[in-house]
Amino acid sequence: MDFCFSDQHVAVRDTVRRLCQSEHQRLVADAEENEVLPRDVFARWGELGLLGVRYPESDGGSGLDKISDCIVREELSYMSQGFASSWSAHSHLGIWPIWKAGTDAQRDRFFRPAVEGQKIAGFALSEPDGGSNIRALKTRAERVAGGWKLNGSKLYITNAPIADFLLIAARTAPELTTGAISLFIVELPSAGMQIHKLRKEGIRASETGLIHIEDVFVPDDCLLGERLGTYPVILESLSENRVGVAANSLGMARAAFDAATTYAQDRLVAGRRIGDYQAISHKLAEMSAQIEAARWLVYYGAWRVDQDTLDAATAARVKLVASETALAVSEQAIRIHGGAGIMREYSVGRIHRDALVYVIGEGTSEVQKNIIARDLGFKP
């Protein structure tokens, strides 16, 4: 067993760290305050090969692996979850299904420009009434001459306000079966589609939208893979992305822990560093252990992706542990800061708000527990 990053992995990590420190960090405060992500970061990510890090070179990617993908996520998240979330929605959910199941023409038209950062992608699955029940989605696609007509709505769609195209999941038949749900590639702007930008408490720099879809025409060549029934592609994409967002959570936990450690070293009470008081040092010790456990689980999950052996239950375990770790560690970081923890000049409040998103998004912690319980032979 090898528990070390390769030289290539270290190079990826160092590249992203330098990028964050030298270029991105100065953009974070304004992006958070104004809730606007600078579009040109996508072009910069594309220039550095970071958007296609886990895709083959033959398809326009960087030819690396899922471990590298998770390294990028962790380092971006350490700086800003707003930036990392937009990167994730674009580089995985928005284009992975096209790479996996799209036609050659669809890869050339959408995937390659997205990997280069020339087009911004998003993935529209969640609906106002659907919650975590994907099979119950109500957006429907009806056959018309030359293509399909879409009607419905989507909610909490990352990158929707800035996207050049969206993958939209829609029902092509009334039955609650896997064959009745397909993915459509919709270029934006599109007649009949209205996107309303949402204001959020967490991950503010990442732009999120509510989408109203009324008689939106999608030509036949924009049905993903030009075939019906791509629900299994959605499930596979979500499972892999749960490992990915676990890496996002790991980056947030690290950032909160480092901020708390620095504060515990600098803050004096009665002439002593607060970190020298057992109540604080024990908090930091527990946080450190939680992060270390989450780190190895995250990169084990990434390794399973690279071995093509990832299953839904493993992905659920990875996501559950990492997201709950980020939430718990960021809360303790606020407690260690005391009153300063709720001041905006400190990062721990922002990190905690952001961490809350990942015990809900990409499948709630309760959904992850249901998946794990079923793997254990129970029927929750």
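Starting afresh in each chain, residues are numbered from 1 along the sequence in its written order. Per-residue local features of the predicted model are confined to residues with pLDDT of at least 70, and side-chain atom pairs are confined, for both listing and counting, to 80 or more; whole-chain, interface and lining totals are unaffected and use all residues. Heavy atoms from the whole structure form the basis of all side-chain values; hydrogens and water molecules are not counted.

S.K.: How should the overall build of the chain be read in this particular structure?
M.R.: Helices and strands together make up the secondary structure of the chain, namely 11 helices and 9 strands. In terms of its C-alpha atoms, the chain occupies a principal-axis envelope of roughly 80 × 50 × 40 Å. Burial analysis of the chain (380 residues in total) assigns 54% to the buried set. For this analysis, residues touch if any pair of their heavy atoms sits within 4.5 Å. Restricting to contacts in the chain with at least 6 residues of sequence separation, those with at least 24 account for 75%. The accessible surface values rely on the Shrake-Rupley method and a 1.4 Å probe; as for residues, cover is taken only from the protein chains in view. Total accessible area computed for the chain in this model is approximately 16,600 Å², and 51% of it derives from carbon and sulfur atoms. By the counting rule applied here, Lys and Arg register as positive and Asp and Glu as negative, while His and the ends of each chain are not counted. For the purpose of locating charges, the reference atoms are NZ of Lys, CZ of Arg, CG of Asp and CD of Glu. A distance of 4 Å separates the average location of the 43 positive side-chain charges in the chain from that of its 49 negative side-chain charges. Each helix is a run of DSSP H or I of at least 4 residues and each strand a run of E of at least 2, with the numbering of both proceeding from the N terminus. Exposure classes here rest on a 1.4 Å probe applied to the protein chains alone. A residue is buried below 20% of its type maximum, exposed above 50%, and partly exposed in between.

S.K.: I tried to follow helix 11 (residues 365-375) on my own but got confused; where do I start?
M.R.: Every buried residue belonging to helix 11 is among Ser-365, Gln-368, Ile-371, Ile-372 and Ala-373, and all of these are buried. Looking at the buried side of helix 11, the elements it contacts are helix 7 (231-266) and helix 9 (312-337). Looking one or two residues past helix 11, Gly-377 carries a phi angle of roughly 100°, positive in sign.

S.K.: Please explain the pattern of salt bridges as it appears in this structure.
M.R.: Counted as salt bridges are all cases of a side-chain nitrogen of Lys or Arg within 4 Å of a carboxyl oxygen of Asp or Glu. In total, this model carries 29 salt bridges according to the counting rule given. Here Lys-100 ties to Glu-236 by a salt bridge, and the two come within 3.5 Å at their closest N and O atoms. With Lys-100 in helix 5 (residues 96-101) and Glu-236 in helix 7, this pair connects stretches of sequence that are 136 residues apart. With relative accessibility at 36%, the residue Glu-236 sits in the partly exposed group. Across the pair Glu-142 and Arg-140 runs a salt bridge, and its minimum N-O distance is 3.3 Å. Owing to a relative accessible area of 41%, Arg-140 belongs among the partly exposed residues under this scheme.

S.K.: How should the packing of aromatic side chains be read in this particular structure?
M.R.: Where two aromatic rings form a pair, the distance of their centres and the angle of their planes describe that pair. Pairing of aromatic rings covers Phe, Tyr and the six-membered ring of Trp, with a centre-to-centre limit of 6.5 Å; geometry is then stacked below 30 degrees between planes, edge-to-face above 60, and tilted otherwise. Counting across every chain of the model gives 10 aromatic pairs. A ring pair is formed by Phe-3 and Trp-296, whose centres lie 5.3 Å apart and whose planes are at 90°; its orientation type is edge-to-face. Separated by 293 residues along the polypeptide, Phe-3 in the segment before helix 1 (7-34) and Trp-296 in helix 8 (residues 278-306) bring together distant segments of the chain. Using a relative accessible area of 53% as the deciding quantity, one classes Phe-3 as exposed. Among the residues examined, Trp-296 registers a relative accessible area of 38% and is labelled partly exposed.

S.K.: Looking at this model, I keep getting lost on the environment of Gly-61. Mind explaining?
M.R.: The residue Gly-61 is located in the loop between helix 2 (40-47) and helix 3 (66-79) in this model. Relative accessible area serves as the criterion here: at 13%, Gly-61 is assigned to the buried category. Distance in space between the C-alpha atoms of Gly-61 and Glu-214 is 35 Å, their sequence separation being 153 residues. Leaving out residues up to four positions away in the same chain, Gly-61 has contacts with Gly-52, Tyr-55, Pro-56 and Val-115.

S.K.: Sorry if this is basic, but what is going on with the pairing of strand 1 (residues 121-124) here?
M.R.: The side chains of a regular strand alternate, first on one face of the sheet and then on the other. Here strand 1 shows two buried faces, one formed by Ala-121 and Phe-123 and the other by Gly-122 and Ala-124. With 4 bridges joining them, strand 1 and strand 4 (residues 165-171) adopt parallel strand pairing. Residue Ala-124 lies in a different strand from strand 4, and its bridge partner there is Ile-168. Between any two strands, at least two bridges found by DSSP are needed for them to pair.

S.K.: Quick question: what am I supposed to make of helix 1 here?
M.R.: In an α-helix, one turn spans 3.6 residues, which is why side chains three or four residues apart end up on the same side. Expected span of a helix, by definition, is 1.5 Å for each gap between consecutive residues, and there is one gap fewer than residues. The terminal C-alpha atoms of helix 1 lie 38 Å apart, and with 28 residues this matches the ideal 40 Å at 1.5 Å per residue to within 8%. Working definition for bend: take the seven residues up to and ending at a residue and the seven starting at it, fit an axis to each, and measure the angle between the axes. Largest kink in helix 1: about 60°, centred on His-24. All of the buried residues in helix 1 are His-9, Val-12, Val-16, Leu-19, Cys-20, His-24, Val-28, Ala-31 and Glu-32. Close packing links the buried residues of helix 1 with helix 2, helix 3, helix 4 (81-93) and helix 10 (348-357). Glu-35 sits one or two residues past helix 1 and shows a positive phi near 55°.

S.K.: I tried to follow the layout of surface pockets on my own but got confused; where do I start?
M.R.: Rolled over the atoms, a probe sized like a water molecule indicates the empty space that remains. In this analysis a 1.4 Å probe is tested at points of a 1 Å grid over the protein atoms alone, and where it fits but cannot get out there is a cavity; an open set with protein on both sides within 12 Å along at least five of seven lines is a pocket; lining residues have an atom within 4 Å of a point. Grid points are joined across faces, edges and corners, and a volume is the space filled by probe spheres set on the points. The computed volume of the largest pocket comes to approximately 1,300 Å³. Taken together, 44 residues line the largest pocket, and the ones lying closest to its centre are Ser-126, Ile-360, Gly-361, Glu-362 and Gly-363. Going through the elements one at a time, helix 4, strand 3 (147-158), helix 7, helix 10 and helix 11 are the ones with two or more residues in the lining of the largest pocket. With 6 residues, the single largest contributor to the lining of the largest pocket is helix 7. When grouped by side-chain class, the residues that make up the lining of the largest pocket number 21 nonpolar, 15 polar and 8 charged. Each residue is assigned to one of three groups, with Ala, Val, Leu, Ile, Met, Phe, Trp, Tyr, Cys and Pro labelled nonpolar, Asp, Glu, Lys and Arg labelled charged, and all others, Gly among them, labelled polar.

S.K.: Would you take a moment to explain the packing of helix 1 against helix 3 for this structure?
M.R.: When two helices pack together, their arrangement is given by the angle between the helix axes and the distance between those axes. Two elements in contact, helix 1 and helix 3, have axes separated by 9 Å at closest approach and are oriented at 25°. Taken as axis vectors, helix 1 and helix 3 run roughly parallel relative to one another. By crossing handedness, the relation of helix 1 to helix 3 is classed as right-handed. Across the interface between the two elements, His-9, Val-12, Arg-13, Val-16, Arg-17, Cys-20, His-24, Gln-25 and Val-28 from helix 1 touch Ile-67, Ser-68, Ile-71, Val-72, Glu-75, Leu-76 and Met-79 from helix 3. Across the contact of helix 1 with helix 3, the residue classes tally to 9 nonpolar, 4 polar and 3 charged. Interaxial angles span 0 to 180 degrees and are taken between N-to-C directions of axes, which are lines fitted to C-alpha atoms, for helices over the stretch in contact. With respect to orientation, any angle under 35 degrees is reported as roughly parallel, any angle over 145 as roughly antiparallel, any angle of 65 to 115 as roughly perpendicular, and every other angle as oblique. Handedness of a crossing is defined here by the sense of rotation of the near helix relative to the far one, left-handed for an anticlockwise turn of less than a right angle and right-handed for a clockwise turn.

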